[in-house]
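Fold and geometry: a report
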Number of protein chains: 2
Amino acid sequence: MQLRIPGPTPCPPRVLEAMTRQMINHRGKDFAEILQSTTGLLQRFFNTKNDVYILTASGTGGMEAAVVNTLSPGDPVLAVTTGYFGERLATIASTYGAQVTRLDFPWGQPADPHAVSKALQKDPSIKAVFMVHNETSTGLTNPLAQLCQVVKEFDKLLVVDGISSMGSLEFKVDEWGIDVAITASQKGWMAPPGLAMASFSPRAWEAHARATMPRFYWDLALAKRFLDKGQTPFTPAVSTLYAMLAALELMDEEGQQSIIDRHQRVADAVRQGVKRLGLSLLPPEEFASNTVSAVLVPQGVDAKQLQGLMAQQGVILSGGQGALEGSTFRIGHLGWVTVEDAQIVLSVLESVLPRAGSAREAS
Amino acid sequence: MQLRIPGPTPCPPRVLEAMTRQMINHRGKDFAEILQSTTGLLQRFFNTKNDVYILTASGTGGMEAAVVNTLSPGDPVLAVTTGYFGERLATIASTYGAQVTRLDFPWGQPADPHAVSKALQKDPSIKAVFMVHNETSTGLTNPLAQLCQVVKEFDKLLVVDGISSMGSLEFKVDEWGIDVAITASQKGWMAPPGLAMASFSPRAWEAHARATMPRFYWDLALAKRFLDKGQTPFTPAVSTLYAMLAALELMDEEGQQSIIDRHQRVADAVRQGVKRLGLSLLPPEEFASNTVSAVLVPQGVDAKQLQGLMAQQGVILSGGQGALEGSTFRIGHLGWVTVEDAQIVLSVLESVLPRAGSAREAS
């Protein structure tokens, strides 16, 4: 089986085996060691000295935590959107009463640092900027380093959704000045879903002190108080944490740069293979993501049928998301993945493509 | 090892093994079958025809979901508290702006249906009543059937925290008229932590339609829309769900009444054993919980030292919670537990008790 969706991603055997460990007391010494080791390795992969908190939640829970821990109702926020997940961040902020100005780029196009600069110039009241590093819905990686530089020039609080990039792509929390960075266990981290992880800078803590959005489960002040004694405020997903630590140890053995390079090689293989089959990616190649490829469905091909035929051969792909349903399909290539895996996916794609959709012969 | 804290509870081998299964597509057919089977079994154990939703969160996340899905800021709520978790529910409701009237009973004493009746008579504006079935912090089971009857006489929305009772004690959602019932995977359900479960009645849906507290991650309307197609709105904790289904299948084999009876037998053994050692429970025996026993620390005994000595013999107990720290210790006996387990715990307790605290000999 090749599970090639952009998360959950396959888990290495050592990660799955880690979950056969029996429950332990989440208020005891053994748990404290696991939590502290996991947090320490996450800080290394986040490239940060900031606190890193582990929440029992999906990535979306991490997004919500980022919002309610830094803002008050009425706070002006700039939400830079390039797809489904950028819109989700904007929606969450609005839901809690932030005054959201959206800077929307067409799906498949990257965020333009100059446009962000102009938007910030135009409205000096803006307090925080929200953006997505790697837009899973469009298979696009935004030029995060440049975007961060602009936001920092304007001295704004910066919240970045790194859910499908962190651990797989270059991501430098401290160097780039990211105040809140969010990711989730089931993406490049090779662990099962169930944990959201967020780093929180000193500047984010200043914002927290003034932020009045209601928060209890997501309150990172509680998380901080408990982390200091090696605990979480509420019962954590112990088994998923066993898995996460095992995965981080594997990642540490491979090394951060090697993992980034491997994702580059795998993505290159996918992109070359896709082109060889006469297919095109949604985003411009320069911004195509190294963790997920959004491929345009060629005329006459039925996306659902294509996914079904691939699945019959044991290759599970994702369909298009939101507005892209039917017009794209997506290949996830993040976490536990090699160039050989990519080649299997491409071979199967080559073999089933002629059978997906009646109009194929005519195209 | 005897992990005898009131959650996480030990998982049977079949439950742990279930988590060695590889990830699957959470938007695919196999996942839909798992989610639907799990939901169906939960409905059976909740004794309800209401919708049951599974959230990736701790039990506290389920509490927060109960609040934000039914209330608007300013809504008058009666929070009946008998300990730490009753207070938590009240705190969450206040955090989101509900106007909370607290009806506090002394820790270790049950909620009195007559007092609840009086409180509801006194303030007809009250919209919802929040209560805890089994107060984990005090080892007490409230007389839920009678309490529910009172609340229903006054025709109020009824939210019950059944986190440490459901699946282990009698709990009849439909018969007792419980609009929102909340529980969590790591308690009587014999699965790892990471999932909160909530049933939601038609009346709760009516409240939802009017409720304006901000909600996104917890929004059960999203959960409902996705459950109808066998999905969750956000990536679910797939492995924990594998475990939960395996545990529910084991529970189904044993049978609901047999499980309830087993918890009664185990709790009786614990209570008799505790008394035989000259110790006393915090709550009156009539209301002592069948899932967790809160034992008063006798004079001259140091609670921390006692727990440490027990742990050296492989028996992990919990300390007192909140205001009860130091003055009680707790024995969890829910989920995967037998009378034999209880006897091991009691034997070890008997052997270490004389060594816990210098003043023991003098007492």
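Residues numbered from 1 in each chain as written. Chains lettered and ligands numbered in written order. Predicted model: local features only at pLDDT ≥ 70, side-chain atom pairs only at ≥ 80, totals over all residues. Heavy atoms only, no water.

What follows covers the environment of Ala-342 of chain A. Residue and element names in this part refer to chain A. Structurally, the position occupied by Ala-342 is in helix H13 (residues 339-352). Placed 30 residues apart in sequence, Ala-342 and Gln-312 show a C-alpha to C-alpha distance of 17 Å. If sequence neighbours within four positions are ignored, Ala-342 has contacts with Val-266, Ala-269 and Val-270. (Helix = DSSP H or I, 4+ residues; strand = E, 2+ residues; numbered from the N terminus. Contact = heavy atoms within 4.5 Å.)

The biggest cluster of nonpolar side chains holds 201 residues, and the ones touching the most others in it are Val-67, Ile-178 and Trp-189 of chain A together with Val-67, Ile-178 and Trp-189 of chain B. Beyond its immediate chain neighbours, meaning those up to four positions away, Val-67 of chain B contacts Leu-89, Ile-92, Ala-93, Tyr-96, Phe-130 and Met-213 of chain B. (Core = buried A, V, L, I, M, F, W, Y, C linked by side-chain atoms within 4.5 Å. Buried < 20%, exposed > 50% of the residue type's maximum accessible area, 1.4 Å probe, protein only.)

With that settled, the discussion passes to the packing of helix H12 (residues 303-312) of chain B against helix H13 (residues 339-352) of chain B. To describe two helices that pack against each other, one gives the angle between their axes and the distance between the axes. All names here are of chain B. At a minimum axis distance of 10 Å, the contact between H12 and H13 shows a crossing angle of 120°. In terms of orientation, H12 lies oblique with respect to H13. Here H12 runs over H13; the crossing is right-handed. When H12 is examined against H13, the residues Leu-306, Leu-309 and Met-310 are found in contact with a partner set consisting of Val-345, Val-348, Leu-349 and Val-352. Class assignment of the residues belonging to the contact of H12 with H13 gives a composition of seven nonpolar, no polar and no charged. (Axes fitted to C-alpha atoms, helices over the stretch in contact; angles between N-to-C directions. Parallel < 35°, antiparallel > 145°, perpendicular 65-115°, else oblique. Left-handed = near helix turned anticlockwise from the far one by under 90°. Nonpolar A, V, L, I, M, F, W, Y, C, P; charged D, E, K, R; others polar.)

All names here are of chain A. Taken across its five residues, strand S8 (residues 157-161) has five buried, putting it largely inside the fold. Alternating residues of S8 divide into Leu-157, Val-159 and Asp-161 and Leu-158 and Val-160, and every residue in both groups is buried. Relative to S8, strand S5 (residues 128-132) is paired through five bridges, and the arrangement is parallel. Note on S8: the bridge partner recorded for Val-129 is Leu-158. With three bridges connecting them, S8 and strand S9 (residues 180-184) associate as parallel partners. Looking at the pairing, Asp-161 lines up with Ile-182 of S9. (Pairing = 2+ DSSP bridges.)

Residue and element names in this part refer to chain A. With an omega of 0°, the peptide bond between Gly-7 and Pro-8 qualifies as cis. Take Pro-8: it is sitting in the loop between strand S1 (2-3) and helix H1 (13-18). Here the phi dihedral of Asn-47 falls at roughly 55°; this positive angle occurs in a residue that is not glycine. Relative to the elements of secondary structure, Asn-47 occurs in the loop between helix H2 (29-46) and strand S2 (51-56).

Before going further, it helps to spend a moment on the sheet that holds strand S14 (residues 328-332) of chain B. All names here are of chain B. Sheet architecture is open: three strands sit in the order S11-S14-S13, paired in antiparallel fashion. Across the chains shown, the open sheet's two edge strands, defined by having one partner strand only, are strand S11 (292-296) and strand S13 (318-319). In the sheet, S13 pairs with S14 via two bridges, with the strands oriented antiparallel. The residue bridging Gly-319 from the neighbouring strand is Phe-329, located in S14.

Turning our attention to the confidence of the model for chain A. Detailed reading of predicted coordinates is not advised where the pLDDT is low. Residue and element names in this part refer to chain A. Averaged over all residues, the pLDDT of chain A is 97; the fraction at 70 or higher stands at 98%. Low pLDDT, under 50, characterises residues 359-363; the stretch is placed with nine contacts to residues that sit more than four places away or in other chains. Predicted complex, confidence summary: ipTM 0.97, pTM 0.97. (pLDDT = per-residue confidence, 0-100.)

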